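# Observations on chain architecture
Read off the chains here:
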Amino acid sequence: MKNLSTWMLVMFMAMFWALRIIVAFTYEMGTDFGGIQPFNQTMEIVLLFVVLVCMILIIKRKIIGALIYLLTYGMYFGTNLFAGITTIVAGNIEVSLSGMTFYLNTLISLVGIILPVAIVFDLLLDKNRKANPKDKKTDWFYNNEQFDRKVDDRVDKNNYRTM
């Protein structure tokens, strides 16, 4: 990972993952974390492990990790985001504590959709991901022919021992 944008997205992904861990833990303990509730507790726990694997793949610059991350979060947060937006547009939510919880969960769903899309676009738009997968700091030594030692018939054939 050589781009600042990739580092920032992975850090935001890790913070969002930690938030989802806290939300799942507090919901399991019987409370909610500032009004944020998981939509499906068992699916939330499965997603935590899937996202951990996807995070490793995204750090390694594999596009399959970003696509799995987009697919899983799209299925989990997308349905709630769609239902939330249709409810907001219809105007069926009153302003109360339960209404604020609804708006907060819809906002979290929006972040849960925007983050994987941004990661997929970051990996797709990175020109160096496929063109130059190696580190440029060591390429000058390992991939340069002028530093290779040329062996010819003038090489020293005396096997001196240093003892």
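Everything that follows concerns the structure shown earlier in this document.
My aim in this report is to walk through the structure given alongside it, one point at a time. (Residues numbered from 1 in each chain as written. Predicted model: local features only at pLDDT ≥ 70, side-chain atom pairs only at ≥ 80, totals over all residues. Heavy atoms only, no water.)

So, about a nonpolar patch on the surface. A contiguous nonpolar surface patch, about 460 Å² in accessible area, is contributed by Leu 4, Trp 7, Met 8 and Met 11. Secondary-structure assignment places Met 8 in helix 1 (residues 4-28). (Patch = residues over 30% accessible without salt bridge, like charges linked within 9 Å, V, L, I, M, F, W, Y side chains within 5 Å. Areas by Shrake-Rupley, 256 points an atom, 1.4 Å probe, with all protein chains shown as cover. Salt bridge = Lys/Arg side-chain N within 4 Å of Asp/Glu carboxyl O. Helix = DSSP H or I, 4+ residues; strand = E, 2+ residues; numbered from the N terminus.)

Here we come to the packing of helix 2 (residues 41-59) against helix 3 (residues 63-90). Close contact between helix 2 and helix 3 brings their axes to 8 Å; oriented N to C, the two are set at 160 degrees. Between helix 2 and helix 3, the interaxial angle falls into the category roughly antiparallel. Viewed along their axes, helix 2 and helix 3 form a crossing whose handedness is left-handed. On the side of helix 2, the interface is formed by Met 43, Glu 44, Leu 47, Val 50, Val 51, Cys 54, Leu 57 and Ile 58, while helix 3 contributes Ile 64, Gly 65, Ala 66, Ile 68, Tyr 69, Thr 72, Tyr 73 and Tyr 76. (Axes fitted to C-alpha atoms, helices over the stretch in contact; angles between N-to-C directions. Parallel < 35°, antiparallel > 145°, perpendicular 65-115°, else oblique. Left-handed = near helix turned anticlockwise from the far one by under 90°. Contact = heavy atoms within 4.5 Å.)

Once that is clear, we can look at the environment of Phe 12. Mapped onto the secondary structure, Phe 12 falls in helix 1. Residue Phe 12 is classed as partly exposed on the basis of its relative accessible area, which comes to 38%. Counting along the chain gives 103 residues from Phe 12 to Leu 115, while the straight-line C-alpha distance between them is 8.2 Å. In contact with Phe 12, other than residues within four places in its own chain, are Val 111 and Leu 115. (Buried < 20%, exposed > 50% of the residue type's maximum accessible area, 1.4 Å probe, protein only.)

To continue, consider the pattern of salt bridges. Inspection of every chain in the model, using the stated rule, returns 2 salt bridges. The partner of Arg 20 in a salt bridge is Glu 44, with the nearest N and O atoms 2.8 Å apart. Here the residue Arg 20 occupies a position in helix 1, and Glu 44 occupies one in helix 2, the gap between them amounting to 24 residues. Summarising the burial analysis for this pair, Arg 20 and Glu 44 share the class buried. Residues Asp 122 and Arg 61 are paired through a salt bridge, measuring 3.9 Å at the closest nitrogen-oxygen approach. Taken together, the residues Asp 122 in helix 4 (residues 97-125) and Arg 61 in the loop between helix 2 and helix 3 connect sequence positions 61 residues apart.

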